[in-house]
Amino acid sequence: MRSGLIKLLVLCGVSLLAGCAAPGMNVTVGYTPFGATTGGSGELYLVQDSVPQVEQKALWVIGQVKGYDGEKENDLVVSSMPADLISGMLAEELTSAGYLVKQVKVMPEKAAKVVRLSMVKMSLNESISFMNFKLDASGAVALTLELWHNGGRLQSFDYRATLSDWDTKDGDLLGSLVLRNAIRDVMKQAVPDIVKSLEKK
């Protein structure tokens, strides 16, 4: 009886710290463009043509929360496919940089300026310490994009960012903050490269 009560209290503490919500903990990134890059001009097609997995078309699992014993307590989910989320954020950044961005799912024929997202990966994992209910969060974002000009591929870029942090309060916000900062690090690398490469042509 006593051991069952202790376990229940621990699980309640985990839920309160991590902001638990069924069927998984929804991660809201709340991204806003950093808007530091300028020099873009004209129409730009942003292509995101990844095919979603059927079993994940409602909620997209990007990681999990582990309890004090190392066992999974819950999934961490986002409401859209990670590639779609990153595509929307990149579109905002490129608009801020000066482009008229058109988001499409099919490669256009011989468009002057095209950015294609060929690979997007996003992960977030959290773990909780039983001793002090400290929450550790680690987020990672990987992005590969191709630049096209008048139907020909110019070049490809790979970007990676991994960040981690911890907190003993506001645990429901920590994961979102870590993931948002990882995405911003990738954008700060990608957007200047895109503008520099496309505006040479």
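## Details of the overall build of the chain
- A count of helices and strands for the chain gives three helices and eight strands.
- Reading the helices (α) and strands (β) of the chain from amino to carboxyl end gives α-β-β-β-β-α-β-β-β-β-α.
- Taken over 201 residues, the chain has a buried fraction of 40%.
- Within the chain, contacts between residues separated by at least 24 positions form 72% of all contacts whose residues are at least 6 apart in sequence.

## What to know about the nonpolar core
- Counting residues in hydrophobic clusters, the biggest one holds 48 residues, and the most contacted among them are Ile86, Leu90, Val115, Leu143, Leu145 and Ile183.
- The set of elements that each furnish at least two residues to this core consists of strand S2 (43-47), strand S3 (60-66), strand S4 (72-78), helix H2 (82-96), strand S6 (114-128), strand S7 (135-149), strand S8 (152-167) and helix H3 (171-198).
- For this core, the leading source of residues is H3, giving twelve residues.
- Setting aside residues no more than four positions away along its own chain, Ile86 makes contact with Val120, Met122, Val141, Leu143, Ile183 and Met187.

## What to know about the pattern of salt bridges
- A complete count under the given rule lists seven salt bridges for this structure.
- The partner of Lys102 in a salt bridge is Glu43, with the nearest N and O atoms 2.8 Å apart. Of this pair, Lys102 sits in strand S5 (residues 100-104) while Glu43 sits in strand S2, and the two are 59 residues apart along the sequence.
- Its relative accessible area of 34% is what places Glu43 among the partly exposed residues.
- A network of salt bridges, in which partner residues are shared, links Asp49, Arg116, Glu146 and Arg153.

## A word on the side chain of Ser87
- Relative to the assigned elements, Ser87 resides in helix H2.
- For Ser87, the residues in contact, after removing those within four places along its chain, are Leu46, Gln48, Gln103 and Leu117.

## Describing the confidence of the model for the chain
- Per-chain confidence: the chain averages 81 in pLDDT, with 79% of residues scoring 70 or above.
- Per-element confidence in the chain ranges from a low mean pLDDT of 35 for helix H1 (residues 2-18) to a high of 97 for S2.
- Low pLDDT, under 50, characterises residues 1-23; the stretch is placed with 27 contacts to residues that sit more than four places away or in other chains.

## Points about the environment of Pro82
- Residue placement: Pro82 occurs in helix H2.
- For the pair Pro82 and Val61, spaced 21 residues apart in sequence, the C-alpha to C-alpha distance is 9.4 Å.
- Ignoring sequence-local partners within four residues, the contact set of Pro82 consists of Trp60, Ile62, Val120 and Met122.

## Considering the packing of aromatic side chains
- Evaluation of the coordinates by the stated rule reveals one aromatic pair.
- Where Phe157 meets Tyr159, the ring centres are 6.0 Å apart and the plane angle is 20°; that geometry is what we call stacked.
- For Phe157, a relative accessible area of 16% translates into the label buried.
- Given a relative accessible area of 3%, Tyr159 falls into the buried group.
- The ring of Tyr31 carries Arg184 above its face, with NZ or CZ at 5.2 Å from the centroid.

## What about unusual backbone geometry?
- Although it is not a glycine, Lys110 sits at a positive phi angle of roughly 55°.
- Tracing the backbone through its elements, the reader meets Lys110 in the loop between S5 and S6.
- For Asn150, which is not glycine, the phi dihedral falls at a positive 55°.
- In this fold, Asn150 is placed in the loop between S7 and S8.
- For Asn150, a relative accessible area of 44% gives the class partly exposed.

## Here we look at H2
- Taking 1.5 Å per residue, 15 residues should reach 21 Å; H2 reaches 21 Å between its end C-alpha atoms and fits that length.
- Looking only at H2, the buried set comprises Pro82, Ala83, Ile86, Ser87, Met89, Leu90, Ala91, Glu93 and Leu94.
- Residue Gly98 follows H2 closely and has a positive phi angle near 120°.

What counts, and at which threshold
Residues numbered from 1 in each chain as written. Predicted model: local features only at pLDDT ≥ 70, side-chain atom pairs only at ≥ 80, totals over all residues. Heavy atoms only, no water. Helix = DSSP H or I, 4+ residues; strand = E, 2+ residues; numbered from the N terminus. Buried < 20%, exposed > 50% of the residue type's maximum accessible area, 1.4 Å probe, protein only. Contact = heavy atoms within 4.5 Å. Core = buried A, V, L, I, M, F, W, Y, C linked by side-chain atoms within 4.5 Å. Salt bridge = Lys/Arg side-chain N within 4 Å of Asp/Glu carboxyl O. pLDDT = per-residue confidence, 0-100. Phe/Tyr/Trp six-rings, centres within 6.5 Å; stacked < 30°, edge-to-face > 60°. Lys NZ or Arg CZ within 6 Å of the ring centre and 35° of its normal. Expected span 1.5 Å × (residues − 1).

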